[in-house]
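If you want the building blocks of each chain, they are given just below.
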Amino acid sequence: MKIDKNIFRENFILFLVFLSLFTIGLSFYKDFGISIDENYHRESGKLYYSYIKSFFIGSNIQESVTLNDVKIAVSDLAFRQPAIFDVFAEFIIDFIDNPTIQQVFFTRHFLNFLIFLFSCFFFYLILRKRFKKNFYAYLGLILLFFSPRIFGESFYNNKDIIFLSISIIFIFFALRFFEKKSYLNAFYFGLFSGLAFDIRVMAILYIFGAYLIFFLQYLDDKRFLVKNLKYLILSLITTILSIYIFWPYLWFDPINNIFNFLFMLKSNIPDVQNLYFGEYYLSKNTPWHYNIIWIIITIPTVVTFFSILGLYFLLKNIIKNIFQLDNKNHKFWKSNSTMFDYYFIICVLIILISNLIFAVNYDGWRQTYFLYPFLVILSISGLSILMSKFNEIRLKYLIFFLIFLEISFSIFWIFKNHPHQYIYFNPIFKNITLNKFQLDYWGISNRSSLEYILKKEKKDKIKVATVSFTLLEDSLRVLDETGRNKISIVHNLKEADYVVDNYRKKWDKIDNFNLLKTNFKKIHNLIIDGNIISTIYKRM
């Protein structure tokens, strides 16, 4: 059988690219701290995995969990959260013989990254499908993977990055379903609709966007429903079943529990303090521009500029098309590429508008990370349209050179400031953002602080306290056994040998907080890109 050399070369290059990205992840995954949410996610996954295992294998296993145990556990809000990633992680961890707590979280971080990398492959396929050029597909892939905050959090953010990843896979199968209605495409569309909804309810925004595309397809072809109703019904049934299957909290009372969860979202909004432009805002009272500003100051300028350009060009074409609705032979699109553009624009507008009206904002813009792939797609659209309008080759080379410079800077910044990529701010806005925005909101730097103390202190037992919101107990879990045994976390400055402050403001001050000024001296600042993200004090 004759092998097409061009196809072989393209696939080989693709393999080398993803092998390189995989190697980077393999080199980095053990270096990060733990976020304040990770342990309760792990406990949730452990509960439901033990229940599944007990159900299928029997109650004679170690850590057997019954349905009654689960019903008692869900009185705690944490156990009502979707836990599909956490259950999957526990399944993998179960193959490790007597894992240490450090191994458990390293495994979770590696799996988190692998899911993100897997979604990057689908993102490449989306870009190839839309733009038909490898250059733009690889450029978009790089802008996604090497955006510093997205890259760093791809290892430990088991909510927002997992949601971003599943969102990308959903988009791919949605585009396939738009192109061709079939039972298989309907099944995948429904499967990832349910999975995405389970991870974050906000998935309803781009799922709704997909059904708007179906509606426009119906307006273009009145026989659309006759020909495709069976596929749409299958996708809807698959969505409902997927929501139920992948959300353990729904298993024993699906109708009541989903309404209880939605009520919980509305009534149990975390009232978190956020540093924004030098002032503290409660999460329920952030300014309307909170997310927009956070996005602009923390993503590459290339994505910001060209996504605005892409939004302008595509909206202009769509509005022009809508004004021609009265034409007898009007069609919303004449190609699949234009249909995809409609979907991207619809999703971006729905997400932005809903965010302005309904969002509760805290911890930067991480709850809206799933918007970023859409912005990258819009930026590639803006760039490709702009290039088609230019005839001057030197101007094109200049634009590509500037893009190359920014990507190179982002990659350099990632490696230089590893593992603190969560601190990244676009250098253009450095003077505006310095010490005026929330930095280590998840306590990732606490691991670095504890490791610094271990290097400096030779005592067999070290008592450490924090004056910040994030707990030090979380970071102990990724230290080696020797480090964990040496450090004792205390909650009273009278007892502490060292104090750590990562500047995440705490509601209530620790006992004997006043001793920080009189009994301790500052011995170390962790400074990343000019920002002090953590300070260590030692008893005098």
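See the structure shown above.
Residues numbered from 1 in each chain as written. Predicted model: local features only at pLDDT ≥ 70, side-chain atom pairs only at ≥ 80, totals over all residues. Heavy atoms only, no water.

Novice: Please give an account of the packing of aromatic side chains that cites residues and values.
Specialist: Under the definition given, this model contains 69 aromatic pairs. Their ring planes at 80° and their centres at 5.4 Å tell us that F177 and F214 sit as a pair that is edge-to-face. Of the two residues, F177 sits in helix 8 (residues 160-179) while F214 sits in helix 10 (residues 204-220), which places them 37 residues apart along the sequence. Following the ring pairs from residue to residue traces out a cluster consisting of F28, F32, F113, F116, F145, F146, F151, F155, Y156, F415, Y441 and W442. Over the aromatic face of F425 sits the side chain of R149, whose NZ or CZ is 4.8 Å from the ring centroid. (Phe/Tyr/Trp six-rings, centres within 6.5 Å; stacked < 30°, edge-to-face > 60°. Helix = DSSP H or I, 4+ residues; strand = E, 2+ residues; numbered from the N terminus. Lys NZ or Arg CZ within 6 Å of the ring centre and 35° of its normal.)

Novice: Residue-level account of the sheet that holds strand 4 (residues 487-489), with values.
Specialist: On the basis of which strands lie adjacent, the open sheet formed by five strands has the order 4-3-5-7-6 and mixed pairing. What marks the edges here is a single partner per strand, and that holds for strand 4 and strand 6 (520-528). Mean inter-strand twist for the sheet, computed between neighbouring axes without regard to direction, equals 25°. Pairing of strand 5 (residues 498-501) with strand 7 (residues 531-539) involves four bridges; the strand directions are antiparallel. Counterpart to V499 in the pairing with strand 7 is Y537. (Pairing = 2+ DSSP bridges. Axes fitted to C-alpha atoms, helices over the stretch in contact; angles between N-to-C directions.)

Novice: Requested: an account of the nonpolar core, with residues and values cited.
Specialist: Formed by 132 residues in total, the largest nonpolar core has its most connected members in F170, Y206, Y343 and F374. The greatest single-element share of this core, amounting to 16 residues, is contributed by helix 5 (residues 101-131). Discounting chain neighbours no more than four positions away, the residues touching Y343 are F170, I171, L175, F178, Y206, G209, A210, I213 and F374. Within the second largest apolar cluster, 19 residues are counted, among which are F197, W247, Y249 and F261. (Core = buried A, V, L, I, M, F, W, Y, C linked by side-chain atoms within 4.5 Å. Buried < 20%, exposed > 50% of the residue type's maximum accessible area, 1.4 Å probe, protein only. Contact = heavy atoms within 4.5 Å.)

Novice: Describe in detail the packing of helix 14 (residues 301-322) against helix 17 (residues 393-416), supporting the description with residues and values.
Specialist: It is the contact of helix 14 with helix 17, at a shortest axis distance of 9 Å, that shows an interaxial angle of 135°. In terms of orientation, helix 14 lies oblique with respect to helix 17. Contact with helix 14, carried on its side by T301, V302 and F306, involves I399, I403 and E406 of helix 17 and no other residues of that element. The residue inventory of the contact of helix 14 with helix 17, partitioned by class, reads four nonpolar, one polar and one charged. (Parallel < 35°, antiparallel > 145°, perpendicular 65-115°, else oblique. Nonpolar A, V, L, I, M, F, W, Y, C, P; charged D, E, K, R; others polar.)

Novice: Can you lay out unusual backbone geometry for me, pointing to particular residues and giving the numbers?
Specialist: Cis geometry marks the peptide bond from H418 to P419, where omega comes out at 5°. In this fold, P419 is placed in the loop between helix 17 and helix 18 (430-433). One non-glycine residue, N98, lies in positive phi territory at about 45°. Mapped onto the secondary structure, N98 falls in the loop between helix 4 (84-93) and helix 5. On the basis of relative accessibility, which here comes to 64%, the residue N98 falls in the exposed class.

Novice: Go over a nonpolar patch on the surface with me, naming the residues and quoting the values.
Specialist: A contiguous nonpolar surface patch, about 610 Å² in accessible area, is contributed by L225, L229, I233, I237, L241, Y244 and I245. In this structure I237 comes out as partly exposed when scored by relative accessible area, which is 43%. (Patch = residues over 30% accessible without salt bridge, like charges linked within 9 Å, V, L, I, M, F, W, Y side chains within 5 Å. Areas by Shrake-Rupley, 256 points an atom, 1.4 Å probe, with all protein chains shown as cover. Salt bridge = Lys/Arg side-chain N within 4 Å of Asp/Glu carboxyl O.)

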